[in-house]
Amino acid sequence: MARLFGYVDVTDSGFIAAVFSIAFNPLFWNVMNSGQVCLLQSLAPGCPRCAASLNKYVVGKARLRAVLGRWRGASRGLEHSEAFALVARWEHKTRALSRVFGSPHAACYCLGAVILMLNCVRSHCFTEAMKSQPKLEGLDCHWAYYSGLAILAVGTLFVISSFLALGFTGTFLGDYFGILMEAKVTHFPFSVLDNPMYWGSTAVYLGWSLMHASPAGLLLTAVVAISYTIAMLYEGPFTEEIYQQKQKGAKNK
């Protein structure tokens, strides 16, 4: 890792823009979920499942702080990201976005379009940051290129298969708008690993970095992995809670 930093100018404007674009997308849309977990507790303070969900959020946050304890900037960033919880509480409580766009599905499709646009911006910034930084001689060879190509192919497989398994609304946070699937998806690629969309995307960036023999790309891939890990700590309790509520509602009918 120290050797990589010797090849990378972390003060370069392109590198900083790439870091921001990588962190913004998953953290903004997923850390907001913490507000919905807190909202469940405020609306139903006596509900044991809501309390359990809130407890998972608190535990996840504590684990995150332990991992990032040495990174003061990351810790402060986590505090600032919690401000986005207000946005989630507002939408969850009022369904204002659903009313503005005419229906939950229309609002979800618009949100999905925004996320796709942000993904394009992220990929562009990532690639430009790699181009503006020197290559690592040890990786500038055929074996590294084809290894990266293979990793990119596997990552792409996980991303595409995840999208096909979840559908558009399942992929792009339809649960925010009350659009739930009939049941939690458990077949491939979810049978292979948890959160295959996130890890597949990380693998795509890792493969792309190896193909370009880019130490800057490898560092940015680490940022991708950290951002997704943080997002998963917040997203997991919320997703589990809404499907528990759905199952409970079905049993009471």
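Structural data are supplied above this passage.
These notes cover the structure that comes with them. (Residues numbered from 1 in each chain as written. Predicted model: local features only at pLDDT ≥ 70, side-chain atom pairs only at ≥ 80, totals over all residues. Heavy atoms only, no water.)

**Observations regarding the packing of helix α9 (residues 142-171) against helix α10 (residues 196-211)**
Right, on to step 1. The N-to-C vectors of α9 and α10 enclose an angle of 155°; their axes lie 7 Å apart at closest approach. Comparing the axis directions of α9 and α10 gives the class roughly antiparallel. Pair α9 / α10 crosses with left-handed handedness.
Right, on to step 2. Class assignment for the residues of the contact of α9 with α10 results in 16 nonpolar, eight polar and no charged. (Axes fitted to C-alpha atoms, helices over the stretch in contact; angles between N-to-C directions. Helix = DSSP H or I, 4+ residues; strand = E, 2+ residues; numbered from the N terminus. Parallel < 35°, antiparallel > 145°, perpendicular 65-115°, else oblique. Left-handed = near helix turned anticlockwise from the far one by under 90°. Nonpolar A, V, L, I, M, F, W, Y, C, P; charged D, E, K, R; others polar.)

**Description of the packing of aromatic side chains**
Right, on to step 1. Taken as a whole and judged by the stated rule, the model has eight aromatic pairs.
Right, on to step 2. Ring geometry for F163 versus F168: centroids 6.5 Å apart, planes at 85°, classification edge-to-face.
Right, on to step 3. Here F168 falls in the partly exposed class, since its relative accessible area comes to 23%.
Right, on to step 4. These aromatic residues form a ring-pair network of at least three members: Y109, F163, F168 and F172. (Phe/Tyr/Trp six-rings, centres within 6.5 Å; stacked < 30°, edge-to-face > 60°. Buried < 20%, exposed > 50% of the residue type's maximum accessible area, 1.4 Å probe, protein only.)

**Details of the pattern of salt bridges**
Right, on to step 1. In total, this model carries one salt bridge according to the counting rule given.
Right, on to step 2. Its salt-bridge partner being K131, residue E128 comes within 3.9 Å of it at the nearest N-O pair. Taken together, the residues E128 and K131, both in helix α8 (residues 104-131) and three residues apart, mark about one turn of the helix.
Right, on to step 3. We classify K131 as exposed; its relative accessible area is 61%. (Salt bridge = Lys/Arg side-chain N within 4 Å of Asp/Glu carboxyl O.)

**Some thoughts on a nonpolar patch on the surface**
Right, on to step 1. There is a patch of nonpolar side chains on the surface, built from L97, V100 and F101 and spanning about 270 Å² of accessible area.
Right, on to step 2. Residue position: L97 is located in helix α7 (residues 96-101). (Patch = residues over 30% accessible without salt bridge, like charges linked within 9 Å, V, L, I, M, F, W, Y side chains within 5 Å. Areas by Shrake-Rupley, 256 points an atom, 1.4 Å probe, with all protein chains shown as cover.)

**Things to note about unusual backbone geometry**
Right, on to step 1. With omega at 5°, the peptide bond leading from F188 into P189 counts as cis.
Right, on to step 2. Looking at the element boundaries, P189 is found in the loop between α9 and α10.
Right, on to step 3. Even without a glycine there, the phi angle at N195 is positive, about 55°.
Right, on to step 4. Of note, N195 is situated in the loop between α9 and α10.
Right, on to step 5. Residue classification places N195 among the partly exposed residues on the basis of a relative accessible area of 29%.
Right, on to step 6. Phi at A213 is positive, roughly 50°, even though this residue is not glycine.
Right, on to step 7. Along the polypeptide, A213 turns up in the loop between α10 and α11 (215-252).

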